[in-house]
Amino acid sequence: MFGKRSVSEPAVGKLAAAAREPVAAPRAAQPAAAQPAAQPAPAAPSSAQAAPQASKPAARSVVDTRSEDYYQIKSTIFTALIDTIDLAQLAQLDPDSAREEIRDIVNEIISIKAVVMSIAEQEHLLQDICNDVLGYGPLEPLLARDDIADIMVNGANRVFIEVQGKVQLTNIRFRDNAQLMNICQRIVSQVGRRVDESSPICDARLLDGSRVNVIGPPLSLDGPTLTIRKFKKDKLKLEDLVKFGSISPDAARVLQVIGRCRCNILISGGTGSGKTTLLNCMTAYIDTEERVITCEDAAELQLQQPHVVRLETRPPNLEGQGTISMRDLVRNCLRMRPERIIVGEVRGPEAFDLLQAMNTGHDGSMGTLHANSPREAMGRLESMITMGGFSLPMKTIREMIVGSIDIIIQAERMRDGSRRITKITEVIGTEGDVVITQDLVTYEIQGEDEAGKLRGKHVGTGVVRPNFWERARYYNLEKELADALDKVNQ
Ligand SMILES: Nc1ncnc2c1ncn2[C@@H]1O[C@H](COP(=O)(O)OP(=O)(O)OP(=O)(O)O)[C@@H](O)[C@H]1O
Ligand SMILES: [Mg+2]
């Protein structure tokens, strides 16, 4: 059989001789030779033993329960498979043929070892094993789900997911930290990187665009830690955010006008608060004729316009060289005749270049930044510029900020797991040394329902003539703005 080592026959023979005992009932007395890899401690009588009496309702499904027994059976079959198969040859097969090959051998092992399981259970086990050998192992079923926002793996035995804003522990686990590390390696090798003790931190991307971070031992103490921000194929639109109650319909109309009249926008928020999603929503109001350049660490934005240039930063190579920073990209952008520049996340000295671009004829540029309030966002911008080594007086920096940023939109992940836009704020000027901002819309929490969901609403602050009124007028949108503000202020 292609894919097996040339010594496959004796190997299977030995396996067959050593493993006549049903695997489902591992006993301490089992010959050690049959289990070259560390065998898990003998478990209580297996659930699989109960399988022949399928009519008994008590018969637990080996697969569904994800019990010790299941992992033990899987581990035994997996070890036998690895002993039998030639991985180098397998790697040369296309995925379908490789799956077929694994299927044949696993079926053979199951019958030799007289493992008792139903067809469905066998199919599930096979899928699991194929994922281990060919894909991302236990992560595969999570990667296949579209409702998961984040996957967080803290060592082999603890896998958390975020679904609908809530973080929950799953029953998914890896065989051991070595398997987890192998999978991390497989992920990062796709972007030409390596993760090991000498370089334990690595950012990468899955083929589907999901953002990945790996940090391994010795920096992470309880095994490799893997964090995946799942890529959403169908990006949320502003209408979706209205539907979810993240923003009220009237406040959304204010945002539409802000987007269409080319205000420079900063989206501020904590980690995972929905900044990138909101940025993506705001790009929907860019005209199709405009030339837009996006700069990101890992391309997440999905602009629908035809004239978009997407740029991505580059981490250092294995020798620690070749970094292309966000600042390099933003500066290069300016030589590419952009009409709008979109920076995925402003986190360093590129803040200076983005502000300059906003100030010099690239109206309608946008970016996101980590901050817990619009005021804090201003402070963060200031410190990014001062820490970037620009020896400008604070007053000049503040004037630059005021001259560039028109609107700050604050996103927040609330304590009930929901994500909301909690502020639409405009930057209106400086008074002495202080940047003056005014809120146009804020989210007011009014209470909590029985299920612990927050109740609240978006309210206007009474501003009817915002600072960007003239701009809205220039784009013939003042009536729409007046109307939308009127409604939010009611
Ligand atoms: N208003 C919303 N309602 C429901 N889900 C949302 C909302 N906004 C964003 N999400 C989901 O939350 C997750 C995180 O969103 P997003 O990537 O935009 O956050 P972020 O603030 O950019 O995170 P990070 O700080 O890690 O870059 C995504 O899965 C996204 O689909
Ligand atoms: Mg983001």
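It should be noted that the structure appears before, not after, this text.
Since this is a predicted model, take the numbers as computed values, not measurements.

Student: What is the right way to look at the sheet that holds strand E15 (residues 454-460) in this model?
Tutor: Backbone hydrogen bonds are what pair the strands of a sheet, in a parallel or an antiparallel way. As summarised here, the arrangement of the nine strands in space is E9-E8-E10-E11-E7-E12-E13-E14-E15, forming an open sheet in which the pairing is mixed. The outermost strands of the open sheet, each flanked by one partner alone, are strand E9 (308-312) and E15. Along the sheet, successive strands turn relative to each other by an average axial angle of 25°, direction set aside. Packed on one face of the sheet, helix H17 (residues 478-489) meets strand E14 (434-448) and E15 and runs near 135° to E15.

Student: Just checking my understanding: could you explain the packing of helix H3 (residues 68-84) against helix H6 (residues 119-134) for this structure?
Tutor: Look at H3 against H6: their axes get within 11 Å of each other, and the N-to-C directions meet at 55°. Judged on the interaxial angle alone, H6 and H3 are oblique. By crossing handedness, the relation of H3 to H6 is classed as right-handed. For the pair H3 and H6, contact is made by Lys74, Ile77, Phe78 and Leu81 and by Leu125, Asp128, Ile129 and Asp132, respectively. For the contact of H3 with H6, the class distribution of residues is five nonpolar, no polar and three charged.

Student: In this structure, what is going on with the pairing of strand E10 (residues 340-343)? I would like to understand it.
Tutor: The side chains of a regular strand alternate, first on one face of the sheet and then on the other. Residues Arg340 and Ile342 of E10 are buried on one face, and the alternating residues Ile341 and Val343, pointing to the opposite face, are buried as well. Summarising the sheet, strand E8 (residues 292-296) and E10 pair through four bridges and their orientation is parallel. When the sheet's bridge partners are listed, Thr294 is paired in E10 with Ile342. As paired strands, E10 and strand E11 (residues 366-370) are joined by two bridges and run parallel to one another. Across the sheet, Val343 pairs through a bridge with Gly367, a residue of E11.

Student: Help me understand the packing of helix H12 (residues 326-333) against helix H13 (residues 350-359), please; the structure alone is not making it clear to me.
Tutor: Helix-helix packing is described using two parameters, namely the angle between the two axes and the distance between the axes. Contact geometry of H12 with H13 gives a least axis separation of 8 Å together with a crossing angle of 20°. On the basis of the axis angle, H12 is roughly parallel to H13. The handedness of the crossing between H12 and H13 is left-handed. Residues Met326, Arg327, Val330 and Arg331 of H12 touch H13, and the partners they reach there are Glu350, Asp353 and Leu354. Of the residues that constitute the contact of H12 with H13, the class distribution is three nonpolar, no polar and four charged.

Conventions and cut-offs
Residues numbered from 1 in each chain as written. Chains lettered and ligands numbered in written order. Predicted model: local features only at pLDDT ≥ 70, side-chain atom pairs only at ≥ 80, totals over all residues. Pairing = 2+ DSSP bridges. Helix = DSSP H or I, 4+ residues; strand = E, 2+ residues; numbered from the N terminus. Axes fitted to C-alpha atoms, helices over the stretch in contact; angles between N-to-C directions. Contact = placed C-beta atoms within 7 Å. Parallel < 35°, antiparallel > 145°, perpendicular 65-115°, else oblique. Left-handed = near helix turned anticlockwise from the far one by under 90°. Nonpolar A, V, L, I, M, F, W, Y, C, P; charged D, E, K, R; others polar. Buried ≥ 20, exposed ≤ 12 C-beta atoms within 10 Å, placed from the backbone.

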